[in-house]
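So you can see what is in the structure, the chains are spelled out below.
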Amino acid sequence: MTDALLSGLLAGYGIAVPVGAISVLIVTLASRVSLARGLAAALGVATADGLYALLALIGGATLAPLLAPAAGALELAAAAVLVLLAAHGLRATLRTHRADRDPAGPPPPAPASPWRTYASLLGLTLLNPLTVVYFSALVLGGRTGPGSLGPGLVFVLAAFAASASWQALLATGGALLRRLLTGPRGRLLTGLTGNLVVLALALRLALQH
């Protein structure tokens, strides 16, 4: 059980820690909107990681070869979604900044609910089939005690907990940034920077194919 716990924690942090567009998106949501939105996004990402760890445990040997050919197409789809999210975020940032400068103007757009944010990030993260390939390699490598249900479930829960803790840390960091940059210029800076970075990472992902 201890080996499965440690393996799950290492696997969860291994897939979560590398900074990518999703990480930047979580920080941007927390810094631009609220900690609740950032934590909802973090939980959505961690749920996807946990589901892929479970799929790898149940049928990694079968799923990994089937999903690998679709990796390119799904990555392009993820890049397209990220571009749309970045464009929406930039538009909302500029509208909010105009509202800050002109209180009599149209109100800024209302943010999506935490539930919608959770569902959006869950779906976006599930577009990455390489995650299940990653977990499948660990499961098939014997690091979770394949064939044993107890250690396997401990592995999945530990991977989910590791991913959730890291994503929550990113959201908290974004919320602290929001407290430091409370003025209109600060909100404009964080909104433009975060969404432009997401857009750049999305374009880089698309251009890899």
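Residues numbered from 1 in each chain as written. Predicted model: local features only at pLDDT ≥ 70, side-chain atom pairs only at ≥ 80, totals over all residues. Heavy atoms only, no water.

A. View of a nonpolar patch on the surface. Together, L54, I58 and L153 give the surface a local cluster of nonpolar side chains, amounting to about 270 Å² of exposed area. Relative to the assigned elements, I58 resides in helix α3 (residues 35-67). (Patch = residues over 30% accessible without salt bridge, like charges linked within 9 Å, V, L, I, M, F, W, Y side chains within 5 Å. Areas by Shrake-Rupley, 256 points an atom, 1.4 Å probe, with all protein chains shown as cover. Salt bridge = Lys/Arg side-chain N within 4 Å of Asp/Glu carboxyl O. Helix = DSSP H or I, 4+ residues; strand = E, 2+ residues; numbered from the N terminus.)

B. How the structure looks around the environment of A46. Among the structural elements, A46 can be located in helix α3. Owing to a relative accessible area of 0%, A46 belongs among the buried residues under this scheme. Residues A46 and W166, 120 residues apart in the sequence, show an inter-C-alpha distance of 8.9 Å. Setting aside its immediate chain neighbours within four residues, A46 contacts F160, S163 and A164. (Buried < 20%, exposed > 50% of the residue type's maximum accessible area, 1.4 Å probe, protein only. Contact = heavy atoms within 4.5 Å.)

C. Broad picture of helix α5 (residues 114-126). Between the first and last C-alpha of α5 there are 18 Å, a value that for 13 residues agrees with the 18 Å anticipated at 1.5 Å per step. Every buried residue of α5 is listed here: T117, Y118, L121, L122, L124 and T125. Within α5, the buried residues cover an arc of 165° as seen down the axis, which keeps them to one side. Along α5, the residues that are exposed and aim more than 90 degrees away from the buried face are W115 and R116. (Expected span 1.5 Å × (residues − 1). Arc of directions from axis to C-beta.)

D. Layout of the side chain of T125. Inspection of the secondary structure assignment puts T125 in helix α5. Setting aside residues up to four positions removed in sequence, T125 forms contacts with I22, V45, A48, D49 and Y52.

E. Region of the structure containing the nonpolar core. Ranked by size, the top nonpolar core spans 17 residues in total, and within it L25, I26, L82, L121 and V198 carry the most contacts. Put simply, the parts of the chain that give this core at least two residues each are α2 (21-32), α3, α4 (71-101), α5, α7 (149-180) and α8 (184-207). Top element by residues in this core is α2. It accounts for six residues. Ignoring anything within four residues of it in the chain, the contact list for V198 reads A21, V24, L25, L82 and A86. Judged by nonpolar contacts, the second largest core, of eight residues, contains A56, F135, V156 and A159. (Core = buried A, V, L, I, M, F, W, Y, C linked by side-chain atoms within 4.5 Å.)

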